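Report on the structure
Listed below are the residues making up each chain.
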Amino acid sequence: MEIQKIEINHLDKPLGYRFDSLMIQAFVKAVSYPRSLEKHLVINDDLNEVVFDSGWQEALDLKFYPKLQLQAQTRYKVLLELRANQESWQKVTWFETGLMSGFSWGKWIGTNKKELHGISLSKEFSINKPVYKARLYLTGLGLYEAYLDGKKIGNEYLAPGFSDYNYYVQVATHDVTKYLTPGKHTLSIILADGWYRGKFGIEMHGGRENQYGDTLKAIAELHWQDEVGKQVLATDDSWICQTSQVVRSGIYYGEDLDMLQSKKETYPVVSYPQPSKYVYDRISLPIIAHEQFSVKKVMTTRKHDVILDFGQNLAGWVEFEDMLAAGQKVEIEFGEIIQNGELYRDNLRNARASFTYVSDGKGQIVHPHFTYFGFRYVRLINFPTEINPANFKAVALYSDMEEIGTFKTSDNLVNRLYQNVVWGLKSNFVDIPTDCPQRDERLGWTGDAGIFAKTASYIMDTYQFFTKYALDIAVEQSKNEGRVPLYAPAIDGNDGGKAVWGDAITIIPWISYQRSGDATILRKYIGAMMSWVDWIYDRAEKLGNPYLWLGDDQLGDWLALDTEDIMHLKGKTPDDLIASAYYYYSARIVAQTAEILKMKHERRYYQQLAKQIKAAFQAEFFTKSGRLITDTQTGLAVVLNFGLVPACGKQQAIKKLVTAVSKNKNSLTTGFVGTPQLLPALSANGYHELAMRLFLSEHYPSWLFEVKQGATTIWERWNSLDEKGMIADNGMNSLNHYSSGAVMQWAFEYLMGLKQVGEHEIRISPGLTPKVSLVAAKTRISDGEFGLTWQIKGVTKQEVSIELEIPYGTSAKLELPNCQNIVVNGQKMENEVSLGAGKYQLEYQATSSYVESFDVQSPLKEFNQNKNLIAGLKDLVPFWDFLTLPGNMKYFEDYSLLQLENEMRAIGFAPLSSTDIKAINAYFQKYALK
């Protein structure tokens, strides 16, 4: 057995973070695990004194929640020991606190020259004796980078991230010991507008300036220790303020970088009072440079422009090797797509999104400093005619989350879809979960984040990322009596209090807890979660019924295809139904959270509230016989998944959902709300093959339609491009928008087959299907990495092979489909057995074949030319003779037997019974096995 790593608060060796509490977890790996394992955790401070000792205890899991009083600016050593069967293992890691209580010596400094969009603050100092420990604590407004003797400190960009800077700003801690050798040094901090004062926001196209302030400023303290003691250099009036080589920079604007600005103008330094209510040690993960992409293709347009294609839509920038003459000015424009042979940028709206550069002729690697772009293609302007594509790289920037998930199948289009979802996540998780990385928006839309949160958590470790984002939401709530904004930080909008979007504050902490087993995030935000539900209650009461959210302005099923909205922005699922369903969902989450946190009064209150909402919901939206008032895919999927259907109406609702899909030629009509709900509702209620048909559809509208159109990320709209590859010109069209990528939650839970039942318990029920022969996936669950590969083999497709890896501390119950007996690591067992941690090889003979065949959901055109096949349908399908009448088969060829069954009732044919459907499907499968 190997101890792979130890995380502190879901982070590896965190330096200078805000530690309100501690959760320490180890991850181990082995083929098989000892039956009886003991654990022991010891924490020492930097004086090597023991501050925590857990003692030896039974290791039911490898988590610890030490309670100790942490000291500022202290590195703590963490020792984990495990022992079993006279063997032992140990591993050491560390974490280090920051200032904790803010700056003691430093002042906020800058200049009153408000017309400057980039400044440099610097200070020369001397080191007289060898340094054995040095830390730089700093932050700035807008964005900053720090340099010691011209070398950039740290590997993060766009610091200090994006928050409501009037409420809080974050302090970064950097270990600079290696830089401080005896002699003279210069510490400098360069600043530019960023989110703080650059044009940003949605209230005005292109954004407004000075959203949080109008002067650039920074604060820093450099602490070092030598043989004499502790020394401090702090920002004060003795620092020098000069112009910067970053002439102008903005999130939408891009950046102008002039390397000839060597003769810098100097301006008086001004001290400022603290601009934020709070100054916290960092909460945000650093935004760092990740993958690099080489040029895949060089194109010259009819206008003689040179365009580089990097083959992947991403968020970041282009870096290049400066081979230019001194004084030469070049420009790079960014875009997502080529249209009519030219770079298309109209969907960027008012975002300039370009980078200009004036060379000093010294030759260096060049990239922007304080902005980023969403792009796949770039246009080079005024570069030399002969360019070397090897000199250019596209660099992805996103928050430093660990990638914990993989998902591969036997279908290459699905594999590309998964990568599109991954890149939608990476492109939009830039300190906040943005809606898009390219146009004049890039806001932290709450609805998108809540919808996608669980999918994101299967792909990346999002716990700390969402801890910070939940704070951003809670900050806005504190100003609005619990109301959640449409986006956080709510930079210039006063809009909010809308269902689904507002429910992000209950959904995101709850998902983070479910996936990790760590209730810390619930403790942090239970107040915010309750205040949202309370706000809905008060709002609903004012509107006439405290238990139903009726008659309010809502966004509904945003961008759904069954729209009756004249603006074509939301679907026809009633707003009141969606709002009241999510009111119930959030109330239920809060009740469950209160139960976990042992808040008895709150648990009882919110349980009763959820019960009352459910009763009112059923009375309002269902008939007495249990029939839902709407037949939209979204409405039916939501009520099924949320458990809002009366017992007498469940089968009716399931059938109506299947009919709603069939009537639309086996295509979806869902928007933001319904898309993540649709496939789970089908798979959970006996229609997994129909869910698979939707998932694997290559026709518009579908996920694989996007893939077939060359997408490398997820689109904002199902029809962002049409079948000819032309972009929809409607003023709101992003090709990098992660929301509908939430389908991968279904893929992990129903296709891979992972269900987390509790902190240490999972259920394994893979969604075996003849439509793919192999699924290989992994992700992290609360105790560690879980992996599952299933494969269907053999001539009759009845041989099932499953590889499992279950982490230490987890119990897994098998619920294998079409299975009676299995062989587990060579030993015969019954289905529904529970397995402990370890690696397993499972084999079984399925009770029915997984051979690919047609079924009642197959469009007629898939099989109606096969005379041998259709000869046997006459006795099984009541209306088959009608279909064979002249012209009918051609007319109805896009429809399935299941859909036609509903239509044929109108002309007197009996509907297909469940027995008929089983017989038809059995016939199709029998024919396929011939």
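Definitions and cut-offs
- Residues numbered from 1 in each chain as written.
- Predicted model: local features only at pLDDT ≥ 70, side-chain atom pairs only at ≥ 80, totals over all residues.
- Heavy atoms only, no water.
- Helix = DSSP H or I, 4+ residues; strand = E, 2+ residues; numbered from the N terminus.
- Rg over C-alpha atoms; globule rule 2.2 N^0.38 Å.
- Buried < 20%, exposed > 50% of the residue type's maximum accessible area, 1.4 Å probe, protein only.
- Contact = heavy atoms within 4.5 Å.
- 1 Å grid on protein atoms, 1.4 Å probe; cavity = no way out; pocket = protein on both sides within 12 Å on 5 of 7 lines; lining within 4 Å.
- Points joined across faces, edges and corners; volume = space filled by probe spheres on them.
- Nonpolar A, V, L, I, M, F, W, Y, C, P; charged D, E, K, R; others polar.
- Axes fitted to C-alpha atoms, helices over the stretch in contact; angles between N-to-C directions.
- Parallel < 35°, antiparallel > 145°, perpendicular 65-115°, else oblique.
- Left-handed = near helix turned anticlockwise from the far one by under 90°.
- Polar contact = N/O pair within 3.5 Å; in protein donor to acceptor, adjacent residues only side chain to side chain.
- Phe/Tyr/Trp six-rings, centres within 6.5 Å; stacked < 30°, edge-to-face > 60°.
- Lys NZ or Arg CZ within 6 Å of the ring centre and 35° of its normal.
- Pairing = 2+ DSSP bridges.

We now examine the overall build of the protein. Counting its secondary structure elements, the protein contains 19 helices and 48 strands. Radius of gyration (C-alpha) of the protein: 30 Å, near the 30 Å computed for a compact globule of 930 residues. C-alpha extents for the protein along the principal axes are approximately 95 × 75 × 60 Å. The buried share of the protein, reckoned over its 930 residues, is 62%. Long-range pairs, those at least 24 residues apart, make up 72% of the contacts in the protein with a sequence separation of at least 6.

With the rule as written, the count across this model stands at five cavities of 30 Å³ or more. Looking at the largest cavity, its volume works out to about 190 Å³. As for the largest cavity, its lining consists of 16 residues, and the residues nearest its centre are H10, D461, R515, S516 and R780. It is helix α5 (residues 504-516) that contributes the most residues to the lining of the largest cavity, three residues altogether. Across the lining of the largest cavity, the residue classes break down as five nonpolar, seven polar and four charged.

A few words on the packing of helix α4 (residues 463-478) against helix α6 (residues 520-542). Contact pair α4 / α6: the axes reach a minimum separation of 10 Å and the direction vectors enclose 30 degrees. Of the possible angle classes, the one that applies to α4 and α6 is roughly parallel. Pair α4 / α6 crosses with left-handed handedness. From α4, Y463, F466, T467, A470, L471, A474 and Q477 reach across to α6, where they touch T520, I521, K524, Y525, A528, S531 and W532. Residues that form the contact of α4 with α6 fall into these classes: nine nonpolar, four polar and one charged.

This part covers the side chain of S586. Looking at where S586 falls in the secondary structure, it is placed in helix α7 (residues 575-596). Of note is the side chain of S586, whose polar atom sits 2.5 Å from the side chain of D503. Beyond its immediate chain neighbours, meaning those up to four positions away, S586 contacts D503, T506, W532 and V533.

The next point concerns the environment of K5. Tracing the backbone through its elements, the reader meets K5 in strand β1 (residues 2-8). Setting aside its immediate chain neighbours within four residues, K5 contacts Q25, A26, F27, K91, E402 and R780. Here E402 takes part through its side chain, which lies 2.6 Å from a polar atom of the side chain of K5.

Bringing the packing of aromatic side chains into the picture now. Considering all chains together, one arrives at 60 aromatic pairs under this definition. Measuring from centroid to centroid gives 6.0 Å for W532 and W549, while their planes differ by 65 degrees, and the two rings are edge-to-face. Remark: W549 occurs in the loop between α6 and α7 and W532 occurs in helix α6; sequence separation between them is 17 residues. Residue W532 is classed as buried on the basis of its relative accessible area, which comes to 0%. A centroid spacing of 6.0 Å and a plane angle of 90 degrees characterise the contact between Y582 and Y585, whose relative ring orientation is edge-to-face. Of this pair, Y582 and Y585 both sit in helix α7, separated by three residues, roughly a single helical turn. By relative accessible area, Y582 is classed as buried at 4%. Taken together, the ring pairs in this structure connect F162, Y165, W195, Y196, F200, Y212 and Y252 into an aromatic cluster. Note that R83 overlies the ring of W56, its terminal NZ or CZ placed 3.9 Å from the centroid. In this structure, K755 is placed above the aromatic ring of Y750, and the distance from its NZ or CZ to the ring centre is 4.0 Å.

Hydrogen bonding along the main chain pairs the strands of a sheet, whether they run parallel or antiparallel. The sheet built from four strands is open, its strands ordered β39-β40-β44-β47 with mixed pairing. Looking at strand neighbours, the two that pair on one side only are β39 (754-758) and β47 (834-835), the edges of this open sheet. In terms of strand pairing, strand β40 (residues 761-764) meets strand β44 (residues 811-814) through four bridges, oriented parallel. Pairing of E761 across the sheet is with S811, part of β44.

Reading across from one edge, β14-β13-β17-β11-β20-β23 is the order of the six strands in this open sheet, with antiparallel pairing throughout. In this open sheet, the two strands that pair with only one neighbour each are β14 (151-152) and β23 (266-267). Pairing geometry for strand β13 (residues 143-148) and strand β17 (residues 183-192), over six bridges, is antiparallel. Within β17, the residue paired with L148 across the bridge is L187.

Treat this as a map of the structure, not an account of what it does.
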